[in-house]
Amino acid sequence: MGGTNLDARTAENAVLGSVVMAAGGGGSVELGLRLGQMAVELGHASRVSLDCLSSTTEIAAVAALDEGTREHPSYRLAYHRRALELLTSNAKADVGGLVPVGGGALNVMASWGQAALLDIPLIDASFETPAHPCAWRAFVDLLAHDVPVISLAVVGKPAGGEEQLETFLRGGPGAVRTLIERLAAAGGSYALCFGPLSSKWVRGRAQVGRMSRLIEVGGVLRRATADGGRMVAQAVSQAVGGQLVMPATVAKTSWTRTDGGALGVIRLLDEKERSVRLTHWHRYVALEGDDGRLATFPDLIVTLGARGTPLQADELGEGQDVFVVMAPPQIPSPLEGAAPEAVPDWLAVLKGEGSSTPAVAACAEDRGPLSSRDGSREVERMRGS
């Protein structure tokens, strides 16, 4: 089987590119870099084209759900190893390839680290759709179109927990969503492993070539770093077909927790002291100016530091100089016949248009610091079931 082995430079480029394409989300960059280094040292990290696999190859889709803090991520690569064991034993699968669910430094490098640890090829693809800002939700929705019964293995630890949680679920999309939502609400860190999936289904539904694209964008960013932040922003913008590079200063950040995850509103001042607002929910979903929206999901919105370092939303702080890059959507719909208007207006959803409890308004009013909604009882109930 042909493939490309992962080296240190490629790992760095993959992390940088994944942070850019994750649009302010995607998990811990530092942990992603460590996982990449680990994969390189193991020496078995191979990226292969889907064309290299036979039509009978069974594939697993993998994701990392980490509700730890950026400074102290709680994810462990061993979770994924055990999750794949649970999947293969319970679903009677012989997995011959892995595909990450979503992008971002943690997801991409966790999948690569798992591939190296288990000597399983990492397929040059990812499961991403423009239907939902949350990668795992979008993937479950994608599965629901074709797969009425989903197999999912989960391994990890809830926030503050000592015992490792392990569970296998075979059920409909609703049951899968409920399980993952409860885990996310409880906090902690988990490896998710879906499958087995046929190579034919993956070819028709995944973003084929996505890993190579992340590495390409990361390489552009890294090579421009010596020229300063503005040149990095322009290089990244050109690489992704960007429409605008906006220098700005962070004026204020506000975070709160919704049932669906952390919600952030970041207020910026551009070079002419005009107010601009970024809304983040799993990723940047909108950039608004005084005259209306400048970009909205699934548009790509990227924040870079003064030196050109790609930044996640929770790394932005008051007084920080940044560059904001806006570009057209980078993820086409994998569903044939899907119309662009079928993508929800997620800013409108978060603003609660038609609802009495607008989440963005609550966040903007600074009703308190970000804190996890208590879901520990749900996890305890699952552990005992």
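Shown above is the structure to which this text applies.
A brief report on the enclosed structure follows.

Quick notes on the rules
- Residues numbered from 1 in each chain as written.
- Predicted model: local features only at pLDDT ≥ 70, side-chain atom pairs only at ≥ 80, totals over all residues.
- Heavy atoms only, no water.
- Helix = DSSP H or I, 4+ residues; strand = E, 2+ residues; numbered from the N terminus.
- Buried < 20%, exposed > 50% of the residue type's maximum accessible area, 1.4 Å probe, protein only.
- Contact = heavy atoms within 4.5 Å.
- Areas by Shrake-Rupley, 256 points an atom, 1.4 Å probe, with all protein chains shown as cover.
- Phe/Tyr/Trp six-rings, centres within 6.5 Å; stacked < 30°, edge-to-face > 60°.
- Core = buried A, V, L, I, M, F, W, Y, C linked by side-chain atoms within 4.5 Å.
- 1 Å grid on protein atoms, 1.4 Å probe; cavity = no way out; pocket = protein on both sides within 12 Å on 5 of 7 lines; lining within 4 Å.
- Points joined across faces, edges and corners; volume = space filled by probe spheres on them.
- Nonpolar A, V, L, I, M, F, W, Y, C, P; charged D, E, K, R; others polar.
- Axes fitted to C-alpha atoms, helices over the stretch in contact; angles between N-to-C directions.
- Parallel < 35°, antiparallel > 145°, perpendicular 65-115°, else oblique.
- Left-handed = near helix turned anticlockwise from the far one by under 90°.
- Pairing = 2+ DSSP bridges.
- Expected span 1.5 Å × (residues − 1).

**Digging into the overall build of the chain**
So, point 1. Secondary structure assignment for the chain yields twelve helices and 18 strands.
So, point 2. Of all 385 residues assigned to the chain, the portion counted as buried reaches 52%.
So, point 3. In the chain, once contacts between residues fewer than 6 apart in sequence are set aside, the share between residues at least 24 apart is 74%.
So, point 4. For the chain, the computed accessible surface area is about 16300 Å², with 48% contributed by carbon and sulfur atoms.

**Details of the packing of aromatic side chains**
So, point 1. Under the counting rule described, the total for this entry stands at five aromatic pairs.
So, point 2. Residues Tyr75 and Tyr79 carry aromatic rings whose centres are separated by 6.4 Å and whose planes lie at 90° to one another, so their mutual orientation is edge-to-face. Per residue, the accessibility class of Tyr75 equals that of Tyr79, and both read buried.
So, point 3. Both rings, one in Phe139 and one in Trp201, keep their centres 6.5 Å apart while their planes meet at 75°; by these two values the pair is edge-to-face. Remark: Trp201 occurs in helix 7 (residues 199-205) and Phe139 occurs in helix 5 (residues 135-146); sequence separation between them is 62 residues.
So, point 4. An aromatic cluster is defined as three or more aromatic residues linked by ring pairs; in this entry it consists of Phe127, Phe139, Phe194 and Trp201.

**A look at the nonpolar core**
So, point 1. Counting 76 residues, the largest nonpolar core has Leu98, Met109, Trp112, Leu268 and Leu287 as the members making the most contacts within it.
So, point 2. Top element by residues in this core is helix 4 (residues 105-118). It accounts for eight residues.
So, point 3. Here Leu268 is in contact with Ala248, Thr249, Val250, Ala251, Arg274, Ser275, Val276, Leu278, Val322 and Val324, once residues within four sequence places are set aside.
So, point 4. Core analysis: the next-biggest nonpolar cluster, separate from the first, contains 33 residues, Leu65, Leu143, Ile180 and Ala206 among them.

**A few points about empty space enclosed by the protein**
So, point 1. The tally for this structure, following the rule as stated, stands at one cavity of 30 Å³ or more.
So, point 2. The calculated volume of the largest cavity comes to roughly 60 Å³.
So, point 3. Every residue lining the largest cavity is listed: Met21, Pro130, Arg210, Arg283, Phe297, Pro298, Leu300, Gln330 and Ile331.
So, point 4. Within the lining of the largest cavity, the residues separate by chemical class into six nonpolar, one polar and two charged.

**So, the packing of helix 1 (residues 8-21) against helix 2 (residues 29-42)**
So, point 1. Contact pair helix 1 / helix 2: the axes reach a minimum separation of 9 Å and the direction vectors enclose 155°. Comparing their axes, helix 2 and helix 1 come out roughly antiparallel. In this structure, helix 1 crosses over helix 2, and the sense of that crossing is right-handed. Of the residues in helix 2, those in contact with Ala8, Ala11, Val15 and Val19 of helix 1 are Val29, Gly32, Leu33, Gly36 and Val40.

**Notes on the side chain of Thr10**
So, point 1. Locating Thr10 in the fold gives a position in helix 1.
So, point 2. Classification of Thr10 as buried rests on a relative accessible area of 15%.
So, point 3. Those residues in contact with Thr10, other than ones at most four positions away along the chain, are Arg47, Trp112 and Ile215.

**Some details on the sheet that holds strand 13 (residues 275-281)**
Sheet strands pair via backbone hydrogen bonds, and the direction of the pair is either parallel or antiparallel.
So, point 1. Ordered by their spatial adjacency, eight strands build an open sheet running 15-14-13-12-11-18-16-17, and the pairing between neighbours is antiparallel. The open sheet has two free edges, formed respectively by strand 15 (292-296) and strand 17 (310-311), since each of these has just one partner strand.
So, point 2. Across ten bridges, the pairing between strand 11 (residues 244-258) and strand 12 (residues 261-270) is antiparallel. When the sheet's bridge partners are listed, Thr253 is paired in strand 12 with Ile266.
So, point 3. Sitting on the sheet, helix 9 (residues 229-239) touches strand 11, strand 16 (300-305) and strand 18 (321-327), and the angle it makes with strand 18 is about 10°.

**Some points on helix 2**
So, point 1. Taking 1.5 Å per residue as the helical rise, helix 2 with its 14 residues ought to reach 20 Å, and the 20 Å between its terminal C-alpha atoms agrees with that figure.
So, point 2. Where helix 2 is buried, its residues touch helix 1, helix 3 (77-90) and helix 4.
So, point 3. Positioned one or two residues after helix 2, Gly43 has a phi angle of 80°, which is positive.

In short, geometric facts, not functional conclusions.
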